[in-house]
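Descriptive analysis of the structure
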Amino acid sequence: MEFKISELEQEPISFDMELAPGAVDFGEEAEQAGPMASSGLAEVIHEHRGPKDIVADIRLRGRFEGKFQVPCARCVEPVEIPLSSEFDLIFRPAGADSDAPERSITAPETEIGYYQKDSLSLEDVLREQVLLSLPVRTLCKPDCKGLCPRCGQNRNLQACSCDEGPSDLRWEALAGLRGRMKP
Ligand SMILES: [Zn+2]
Ligand SMILES: [Zn+2]
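Figured I'd write up the structure that's included with this text. (Residues numbered from 1 in each chain as written. Chains lettered and ligands numbered in written order. Predicted model: local features only at pLDDT ≥ 70, side-chain atom pairs only at ≥ 80, totals over all residues. Heavy atoms only, no water.)

Further remarks concern the side chain of Arg92. Looking at the secondary structure, you find Arg92 in strand E6 (residues 78-93). Since its relative accessible area comes to 2%, Arg92 is described here as buried. Only 2.7 Å separates the side chain of Arg92 from the side chain of Glu47, close enough to count as a polar contact. (Helix = DSSP H or I, 4+ residues; strand = E, 2+ residues; numbered from the N terminus. Buried < 20%, exposed > 50% of the residue type's maximum accessible area, 1.4 Å probe, protein only. Polar contact = N/O pair within 3.5 Å; in protein donor to acceptor, adjacent residues only side chain to side chain.)

Right, dumping it as C-alpha cells:
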C-alpha cells in the first residue's frame, strides 16, 4: 500500500488490513508465519519553516500484530514468536533536511524518517518496525542444548557420543553460518 502525498493532501487515509506472508520481505532475520494485521492512519503535517518554505511531512500512526519465525540462537531451529507493536512516525520528503542538518525536530515524541518520490510504502515501514521489535536473542526453550561444537548434532534431538573434549572450531563456525541462513 502506497500513501501518495497528493492524496493525503485531500484527506487523511486510514488503513486496516491483513498482509499475507510474503507481502513484506523480512530478509533472513525473520519469516512471517500467518497473516499479519496492521491498522492505522496516515496524514499530512505541514511544517512551516518560513513564509514560502512549507514542508509536507507524512505522519503515520498505527500498529501491527502477527506471528513470526526466527532461528533459535543456540540450535538455529525456527522458533515461532508473536510480535505486536505500535508506532507513531514522521516522514519528511527526501532531501528536506539536506540544507539544514541542525534543524530541530518539531515533534519530540516521534521518530523521523524520509519518503521518496512523493509517496510512502506501508510495507517498507512495516518491515522496519517488525525488525526493530525482534527480541535480541530468541531460544527455542530456556534450556536449549544447542549444537554439538564437535560434530554439529542438534543435542536437543539426540545426544552424540562426542561428550567432553576439545571442541572442533569448524563446527562452531558452521553453527554460526547456519544461523545466518534461511531455515
Ligand atoms: Zn534451540
Ligand atoms: Zn557431537
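This part takes up unusual backbone geometry. In this structure, Val76 takes a positive phi of about 60° despite not being glycine. Within the fold, Val76 resides in the loop between strand E5 (53-71) and E6. Look at Lys117: it is not a glycine, yet its phi comes out positive at around 50°. Inspection of the secondary structure puts Lys117 in the loop between strand E7 (111-115) and strand E8 (119-121). Of the residues examined, Lys117 reaches a relative accessible area of 79% and is grouped as exposed.

The subject of this paragraph is the coordination of the zinc ion (ligand 2). All of the protein donors around the zinc ion (ligand 2) are Cys148 (SG), Cys151 (SG), Cys160 (SG) and Cys162 (SG); their distances to the metal are 2.3 Å. Angles of 104 to 113° at the metal separate the four donor atoms of the zinc ion (ligand 2), which places the site in the tetrahedral class. Read N to C, the donor residues that coordinate the zinc ion (ligand 2) are spaced as C-x2-C-x8-C-x1-C. Residue Cys148 is found in the loop between helix H2 (122-133) and helix H3 (169-180), and its partner Cys160 is found in the loop between H2 and H3; the two are separated by 12 residues along the sequence. Each member of the pair, Cys148 as well as Cys160, is classed as buried. (Donors = N, O, S within 2.8 Å, 3.2 Å for Na, K, Ca; no water. Tetrahedral: all angles 85-135°; square planar, octahedral: opposite > 155°, others 65-115°.)

Here the structure, examined in full by the defined rule, presents two aromatic pairs. Aromatic pair Phe3 and Phe15: ring centres 5.5 Å apart, planes at 50°, arrangement tilted. With a gap of 12 residues between them, Phe3 in strand E1 (residues 2-4) and Phe15 in strand E2 (residues 13-19) connect regions that are remote in the sequence. Note on Phe3: relative accessible area 0%, which makes it buried. Take Phe15: its relative accessible area is 5%, and that puts it in the buried class. Measuring from ring centre to ring centre gives 5.4 Å for Phe26 and Phe68, while their planes differ by 90°; the resulting arrangement is edge-to-face. Taken together, the positions of Phe26 in the loop between E2 and strand E3 (31-32) and Phe68 in strand E5 put the pair 42 residues apart, joining distant regions of the chain. No difference in accessibility class separates Phe26 from Phe68, as the two residues are buried. (Phe/Tyr/Trp six-rings, centres within 6.5 Å; stacked < 30°, edge-to-face > 60°.)

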